[in-house]
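Examining the three-dimensional arrangement
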Amino acid sequence: MTIGIDQIAFDTPAFYVDLRELAAARDIAPDKFTIGIGQDQQAVAPSSQDIVTLGAAAASRLQLDPKRLGLIALGTESGVDASKAATLYLQRLLGLGPWVRAVELKEACYGGTAALMMARDYVAAHPDRQALVIAADIARYGLATSGEVTQGAGAVAMVVSIAPRLLALADDSVHYAEDIQDFWRPVYTDQALARGKYSTEQYLRFFDLVWRRYQAISGRTIADFKALLFHLPYTKMGLKALRQVLPEATAAQQAELTAAFETSARYSRRVGNLYTGSLYLSLLSLLDGAANLQAGDRLGLFSYGSGAVGEFFSATLVPGFEAQLTAAANLARLDARRRLSVAEYEAVFADKVPYGPAAYQANPAWFAGRFLLIGVQNQERQYQALTE
Ligand code: HMG
């Protein structure tokens, strides 16, 4: 029985800031951001956008079968409630039926992969069902911090089923977990704390561990892969991981893997860190942009969530996968975003839902998108779905 990703879609806020402008405002050489970090633009989420609205917008682009949908699994580390799963708001906004299992999963940026693997196992146990997987996040480190250039926002949604029309997931995951303190976010703040350089070293160490073990268990080598995809907190991070294993490939394959990586990084360069969704945005970017992919090609995926968990697994393209892609619409969505000045970005960044019981009204001037967080009343979030 083949199980995998049948459909994939993404959403990101309607606003962005240009990172060369941000570098200038911070008195930093722009090449540090665009070359050293490998980011060109960064999504900016107004307070009317959160993981619920972004996740709902991404999922609304999928064709769900209400009779088959049995699981909604949301991976996030920007949760809006310490108790209630954001999946339930999403379920209502999307008009999904009640006979589902609806949960939220957390392990930093690994949460999206945890949701995907949960969905794969669910479908293996219930082959007549499909699962909706959503990875949604808003990455915030704070103005003028060293992490600022690695912020971002958005969501990726996927349908997992048997006989997938896009990607077949292999049952070959290798996962590794270890308690380390490289990045975390205490419950009283919406801004992450990071030991920046240490986190990059741990990312590379975890990749080395799972990649070596994957090869030992599966018997596969780098020669078996058409592309290697990475969690992209910023695109240079993935490039460093790729370079770690490139010497194992022939010169011709090194060029092919490097070109595939650049294609996979195109969307992330314009959106920034999606945390749980980043690996899947790089998958979408590769599928949308690589003209030389064929059915049967094997892709390797490395997921990393600080704290930390790393996982490497593979997936193969299935015949007819091209029909499931919407590259032109995805690019159009990125191109249609409004560019903010640094001053506007800073104002939007500062206007946020309070971490406290006070009522809050989101500024209608920044309303954009099909789903909106209107505000918070009596400590309850008020969402609205607009008709298209
Ligand atoms: P930093 O100290 O500002 O930057 O922090 P740097 O001094 O390390 O420089 C970055 C790169 O720019 C270096 O290249 C410089 O040489 C280069 P590298 O040596 O790395 O190849 N550079 C230039 N290049 C061209 N022209 C120039 C120039 N100047 C310098 N003029 C850091 C960077 C990423 C650490 C910081 O932004 C940060 O702390 N970010 C947040 C943490 C993070 O993203 N960690 C990634 C690994 S952990 C992870 O992926 C998990 C995560 O997604 C969270 C989760 O799981 O939930 C973060």
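Structure first, text after, so check above.
Note that this is a predicted model, so its numbers are computed, not measured.

A word on the sheet that holds strand S18 (residues 380–385)
Pairing is antiparallel across the open sheet formed by three strands, whose spatial order is S16-S17-S18. Each edge of the sheet is formed by a strand with only one pairing partner; in this case those strands are strand S16 (360–361) and S18. Pairing between strand S17 (residues 371–377) and S18: six bridges, direction antiparallel. Each residue of the ladder has a partner; that of Leu 373, found in S18, is Tyr 383. Sitting on the sheet, helix H3 (residues 51–59) touches S17 and S18, and the angle it makes with S17 is about 160 degrees.

Some remarks on the site of the ligand
Near the ligand lie 28 residues; those nearest to it are Glu 77, Cys 109, Ser 146, Lys 240 and Ser 306. Between the ligand and the protein, one listed contact pairs an oxygen atom with a backbone N or O atom of Ser 146 at 2.6 Å. Between Thr 150 and the ligand, the recorded distance is 3.3 Å, taken from a side-chain N or O atom to a nitrogen atom. The protein chains hide 71% of the 1100 Å² of surface that the ligand would expose on its own. Sorting the residues of the shell around the ligand by element identifies helix H2 (30–37), helix H6 (196–218), helix H7 (235–245) and strand S13 (298–305) as the ones contributing at least two each.

Side note on unusual backbone geometry
At the junction of Gly 307 and Ala 308, the peptide bond is cis and its omega measures out at 10 degrees in the coordinates. Looking at where Ala 308 falls in the secondary structure, it is placed in the loop between S13 and strand S14 (309–317). Look at Asp 27: it is not a glycine, yet its phi comes out positive at around 60 degrees. Mapped onto the elements, Asp 27 comes out in the loop between helix H1 (19–25) and H2. A residue is classified by how much of its surface remains accessible, and Asp 27, at 74% relative accessible area, is exposed. One non-glycine residue, Gln 379, adopts positive backbone phi at about 65 degrees. Mapped onto the elements, Gln 379 comes out in the loop between S17 and S18.

About the thresholds
- Residues numbered from 1 in each chain as written.
- Predicted model: local features only at pLDDT ≥ 70, side-chain atom pairs only at ≥ 80, totals over all residues.
- Heavy atoms only, no water.
- Pairing = 2+ DSSP bridges.
- Helix = DSSP H or I, 4+ residues; strand = E, 2+ residues; numbered from the N terminus.
- Contact = heavy atoms within 4.5 Å.
- Axes fitted to C-alpha atoms, helices over the stretch in contact; angles between N-to-C directions.
- Near = heavy atom within 4 Å.
- Polar contact = N/O pair within 3.5 Å; in protein donor to acceptor, adjacent residues only side chain to side chain.
- Areas by Shrake-Rupley, 256 points an atom, 1.4 Å probe, with all protein chains shown as cover.
- Buried < 20%, exposed > 50% of the residue type's maximum accessible area, 1.4 Å probe, protein only.

Fair warning: the whole summary comes from geometry, so function is off the table for now.
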